[in-house]
Amino acid sequence: MTTTFNPAQPGSNPEAARLQSVDLTGPAGRLEAILNLGAPNPPFAALVCHPNPLAGGTMHNKVVYHAMKVLNDPEWGFGFPVLRFNFRGTGLSQGTYDGRAEAEDVRAALDWLENGYKRPVVVAGFSFGSAMALAACCSQPQRLRAVAALGLPTTADGHTYHYRFLPACSIPKLFLSGDNDTFAPVAQLAQVVASAAEPKSLVLLPGADHFFTGQLELMQQALAGWLKEQLK
């Protein structure tokens, strides 16, 4: 496992100066990752997981980026270090897409954060990334402080997602979706949430689609509001 720091150059983007390039050791090989540095002595570290790579999802996805900003930017009140990574077979990450084993990639990222920061971890995932995040986090709840599932899919690309582990998952959970999400019709998502153990919260943004098109700021506000309640 190696970490490469890229120092800022004079006149460079100040946001780029807060980035580290990271190599994670995943079960299928190297996982390409980036770390947004946080405030000094943060109470938590954070992880954000990207959507399905078969549909073009990467750690640079727009929803993933906006979720990272909530967790990392002090203006939202958190300032956590936030790790993003590419699932196996995506970008420079080694391995090939599986569809289920990516939950192990999430666990590898959690290991890296826990070893590096020795702090509880907050996790967010978008779409496929939220499914993999929940699968990883609910299997080892002692490692997590909270998990936010953004645009959690119930059916996508002919695949039906099952969340049989949720009735035993005691981590604080946010299910944040648009009420026009074609990959998670409200009735189906409500059934998934109803099966989940407490504590949990379902937030539906009126008129929002799966990608929170035109409503990314509202998504951020909802995520930040829930996190402040959970982490106070």
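Above this text you will find the structure in question.
Residues numbered from 1 in each chain as written. Predicted model: local features only at pLDDT ≥ 70, side-chain atom pairs only at ≥ 80, totals over all residues. Heavy atoms only, no water.

Engineer: Sorry if this is basic, but what is going on with the packing of aromatic side chains here?
Structural biologist: A ring pair, where both rings are aromatic, is described by two values, the distance of the centres and the angle of the planes. Across all of its chains, the model carries nine aromatic pairs by this definition. On the basis of an interplanar angle of 50 degrees and a centroid distance of 5.4 Å, the ring pair of phenylalanine 78 and phenylalanine 80 is categorised as tilted. With a centroid separation of 6.1 Å and an interplanar angle of 85 degrees, the aromatic rings of tyrosine 163 and phenylalanine 165 are classed as edge-to-face. With a relative accessible area of 8%, tyrosine 163 lands in the buried category. (Phe/Tyr/Trp six-rings, centres within 6.5 Å; stacked < 30°, edge-to-face > 60°. Buried < 20%, exposed > 50% of the residue type's maximum accessible area, 1.4 Å probe, protein only.)

Engineer: So what exactly am I meant to see when it comes to unusual backbone geometry here?
Structural biologist: Backbone phi values are negative for most residues with the exception of glycine, while trans is the configuration of most peptide bonds. For the bond running from glutamate 198 to proline 199, omega is -5 degrees, close enough to zero to count as cis. Tracing the chain through its elements places proline 199 in the loop between α4 (186-195) and β11 (200-205). Even without a glycine there, the phi angle at lysine 118 is positive, about 55 degrees. Mapped onto the secondary structure, lysine 118 falls in the loop between α2 (102-117) and β6 (121-126). Owing to a relative accessible area of 65%, lysine 118 belongs among the exposed residues under this scheme. (Helix = DSSP H or I, 4+ residues; strand = E, 2+ residues; numbered from the N terminus.)

Engineer: Is there a simple way to think about helix α3 (residues 128-139) in this case?
Structural biologist: Every α-helix winds through 3.6 residues per turn, so residues three or four apart in the chain are directed the same way. End to end, α3 covers 17 Å across twelve residues, agreeing with the expected 16 Å (1.5 Å per residue, within 8%). Burial runs high along α3: ten of the twelve residues are buried. Considered for burial, the residues of α3 that qualify are Phe128, Gly129, Ser130, Ala131, Met132, Ala133, Leu134, Ala136, Cys137 and Cys138. Check the buried side of α3 and you find it contacts β4 (45-49), α2, β6, β7 (144-150) and β10 (173-178). (Expected span 1.5 Å × (residues − 1). Contact = heavy atoms within 4.5 Å.)

Engineer: I would appreciate a short explanation of the packing of helix α1 (residues 62-72) against helix α5 (residues 216-231) in the present structure.
Structural biologist: In contact at an axis separation of 10 Å, α1 and α5 are set at 40 degrees when each is read in the N-to-C sense. By the angle between their axes, α1 is oblique relative to α5. In this structure, the crossing between α1 and α5 has a hand that is right-handed. When α1 is examined against α5, the residues Lys62, Val63, His66, Ala67, Lys69, Val70 and Leu71 are found in contact with a partner set consisting of Leu216, Met219, Gln220, Leu223, Ala224 and Leu227. In terms of residue class, the contact of α1 with α5 is built from nine nonpolar, two polar and two charged. (Axes fitted to C-alpha atoms, helices over the stretch in contact; angles between N-to-C directions. Parallel < 35°, antiparallel > 145°, perpendicular 65-115°, else oblique. Left-handed = near helix turned anticlockwise from the far one by under 90°. Nonpolar A, V, L, I, M, F, W, Y, C, P; charged D, E, K, R; others polar.)

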